[in-house]
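A structural walkthrough
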Amino acid sequence: VNVGGIWRVTTASGAGASVSAKDHQYLAVSRSFGDAELKHPSPIVVSTPEIKVFEVEEDDCFAVLCCDGIFDVLSDEEVVQVAGEHLGSPQDAAASVVRTAYQKGSGDNLTAVMI
């Protein structure tokens, strides 16, 4: 579907997340930095990140960065538990977090990075 000169992905039936029934269809993914029509006059999507600041302590083993698809189905504690089972192998830890979120039924994008 071409909306305002920008191609959008929809299902075979043309369904997507719609602003209104008679307006254009939109992909059901937040376009938080673009799509001005989803920001004015009322913001439907926003680009305000969740930010937490922590002091890195000597006994901290790793940090995990994940997209919202992970946290739709896993708590912070569950992510740390799953990742912690793979200390010394960041790639395996990240893969395990993604796999666990998928197995728990997340229908969103799944990305995890171990630091």
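Up top is the structure.
So, a few notes on the structure that sits alongside this text. Everything quoted here is computed from the prediction, not taken from an experiment. Here, residues in each chain are numbered from 1, in the same order as that chain's written sequence. In keeping with the model being predicted, local features are shown solely for residues with a pLDDT of at least 70 and side-chain atom pairs are shown and tallied solely at 80 or more, while totals for entire chains, interfaces and linings include all residues. Side-chain descriptors were evaluated using all non-hydrogen atoms of the structure, hydrogens and water having been removed beforehand.

**With respect to the overall build of the protein chain**
Worth spelling out the cut-off: Numbering of helices and strands runs from the N terminus, with a helix taken as a DSSP run of H or I at least four residues long and a strand as a DSSP run of E at least two residues long. Three labels apply to residues, based on accessible area from a 1.4 Å probe with only protein chains included: buried if under 20% of the type maximum, exposed if over 50%, partly exposed otherwise in between. We call two residues in contact whenever any of their non-hydrogen atoms come within 4.5 Å of each other. Here the accessible surface of atoms and residues is derived via Shrake-Rupley with a 1.4 Å probe, and residues count as covered only by protein chains that are part of the display.
Across its full length, the protein chain carries three helices and six strands. When the helices and strands of the protein chain are placed in sequence order, the string is β-β-β-β-β-α-α-α-β. For the protein chain, with 115 residues in total, the buried portion stands at 21%. Sequence separation of 24 or more characterises 40% of the internal contacts of the protein chain that already satisfy a separation of 6 or more. Accessible surface, the protein chain as shown: approximately 8400 Å² in total, 56% of it carbon and sulfur.

**A look at a negative patch on the surface**
Stated formally: Candidates for patches are residues over 30% relative accessible area with no salt bridge; among them, like charges are joined within 9 Å and nonpolar side chains (Val, Leu, Ile, Met, Phe, Trp, Tyr) within 5 Å. We define a salt bridge as a contact between a side-chain nitrogen of Lys or Arg and a carboxyl oxygen of Asp or Glu at a distance within 4 Å. As used throughout, the charge tally considers Lys and Arg to be positive and Asp and Glu to be negative, leaving His and the chain termini uncounted. All charge positions are set by atom: Lys at NZ, Arg at CZ, Asp at CG, Glu at CD.
A contiguous patch of negative charge, built from Glu 55, Glu 57, Glu 58, Asp 59 and Asp 60, is present on the exposed surface. Structurally, Asp 60 is set in the loop between strand 4 (25–26) and strand 5 (64–66). For Asp 60, a relative accessible area of 43% puts it in the partly exposed group.

**Observations regarding the environment of Cys 61**
Mapped onto the secondary structure, Cys 61 falls in the loop between strand 4 and strand 5. Separated by 23 residues in the primary sequence, Cys 61 and Gly 84 have C-alpha atoms spaced 8.6 Å apart.

**What to know about helix 3 (residues 90–103)**
The cut-off we apply is this: To estimate the expected span of a helix, subtract one from its residue number and multiply by 1.5 Å. When we speak of the arc, we mean the arc of directions from the helix axis to the C-beta atoms.
Over its 14 residues, helix 3 runs 20 Å from end to end, which matches the ideal 20 Å to within 8%, given 1.5 Å per residue. Buried within helix 3 we find Ala 93, Ala 94, Ser 96, Val 97, Thr 100 and Ala 101. One side of helix 3 carries all its buried residues, which in axial view fall inside an arc of 160°. Relative to its buried face, helix 3 has exposed residues pointing more than 90 degrees away, namely Gln 91, Tyr 102 and Gln 103. Where helix 3 is buried, its residues touch strand 5, helix 1 (68–71), helix 2 (76–84) and strand 6 (112–114).

**What about the pattern of salt bridges?**
Using the criterion set out here, one finds two salt bridges in the structure. Of the charged contacts, one joins Asp 76 and Lys 52 as a salt bridge, the two residues approaching to 3.5 Å between their closest N and O atoms. With Asp 76 in helix 2 and Lys 52 in the loop between strand 4 and strand 5, this pair connects stretches of sequence that are 24 residues apart. With a relative accessible area of 40%, Asp 76 lands in the partly exposed category. Where Glu 78 meets Lys 104, a salt bridge forms, and the shortest distance between an N and an O atom there is 3.1 Å. Of this pair, Glu 78 sits in helix 2 while Lys 104 is found in the loop between helix 3 and strand 6, placing the two residues 26 residues apart along the sequence. Residue classification places Lys 104 among the partly exposed residues on the basis of a relative accessible area of 45%.

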